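Chain by chain, the residues run as shown.
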Amino acid sequence: MFFLLSLVLGVVAGLRAMTPAAALSWAAFLGWLDLSATPFAFLGHPIAVAIFTLVALGELVTDQLPQTPSRKAPVQFGTRLVMGALAGGVLGLPSDMWISGAIAGVIGAVIGTLGGYEARKRLVASNGGNDRPIALLEDAVAVILALLVVWLAV
């Protein structure tokens, strides 16, 4: 189950890079995920929760802007891979399975980045080219999946 959760959290990173970090930060803050004996204990601090939440919300807003680069551009793609690795690795820290979690997170990030791009492109085309509702749907899917993963990881 852990590998599946890390993979799904990586998929979320592929959809919205900062959403997994915000979800993990909230999980640590609420005591759902014990990171106290790890280098990532700072994620549970209220300041970290605020910062990651604001950055994730900012990403949801900037995704709606026409000048936002493609998620497949090198910097955006790389960011998603790094965030997928971090999310999966952090999820595996309490059980000392961080390497496996990081690998699963990277695989999920590739799936989320490329699969999310294709799904969004096709849904927008079938929607007469109207991107906004599809982008909002993608936002909702990313947030719900992230929350579901951290809830199931308890």
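Our structure is the block above this text.
The paragraphs below set out a description of the structure included in this document. Throughout, residues of each chain are indexed from 1 in the direction in which the sequence is written. With the structure being a predicted model, the display of local features is reserved for residues of pLDDT at least 70 and the display and counting of side-chain atom pairs for 80 or more, all residues being used for whole-chain, interface and lining totals. In computing side-chain properties, one takes all heavy atoms of the structure into account and sets aside hydrogens as well as water.

## Looking at the packing of aromatic side chains
- Each aromatic pair joins two rings of Phe, Tyr and Trp (for Trp, the six-membered one) with centres within 6.5 Å, and gets the label stacked for planes under 30 degrees apart, edge-to-face for over 60, and tilted for any other angle. Under the criterion given, the structure shown has three aromatic pairs.
- Here tryptophan 26 and phenylalanine 29 contribute two aromatic rings whose centre-to-centre distance is 5.8 Å and whose plane-to-plane angle is 90°, an arrangement assigned as edge-to-face. Here the residue tryptophan 26 and the residue phenylalanine 29 both occupy positions in helix H2 (residues 19-29), the gap between them amounting to three residues, near one helical turn.
- Here's how the labels work: a residue is buried when its accessible area is under 20% of the maximum for its type, exposed when over 50%, partly exposed in between, all with a 1.4 Å probe on protein chains only. Overall, tryptophan 26 belongs to the partly exposed group, its relative accessible area being 38%.
- With relative accessibility at 38%, the residue phenylalanine 29 sits in the partly exposed group.
- Ring geometry for phenylalanine 40 and phenylalanine 42: centres 5.9 Å apart, planes at 35°, overall tilted. The way it works is that DSSP assigns letters per residue, a run of H or I at least four long becomes a helix, a run of E at least two long becomes a strand, and they are numbered from the N terminus.

## With respect to the packing of helix H1 (residues 2-15) against helix H6 (residues 131-152)
- Angles run from 0 to 180 degrees between N-to-C directions of axes, and those axes are lines fitted to C-alpha atoms, restricted for helices to the stretch in contact. Where H1 meets H6, the axes come as close as 9 Å, and the angle between the chain directions of the two elements is 155°. Accordingly, the angle class assigned to the pair H1 and H6 is roughly antiparallel. For the crossing formed where H1 meets H6, the hand is left-handed. Residue-level inspection shows Leu5, Val8, Leu9, Val12 and Leu15 of H1 in contact with H6, the latter providing Glu138, Val141, Ala142, Leu145, Ala146, Val149 and Leu152. Angles below 35 degrees are treated as roughly parallel, those above 145 as roughly antiparallel, those between 65 and 115 as roughly perpendicular, and all remaining angles as oblique. Note: crossing handedness is left-handed where the near helix turns anticlockwise from the far helix by less than a right angle, and right-handed where it turns clockwise. By definition in these notes, contact holds between two residues if any of their heavy atoms fall within 4.5 Å.

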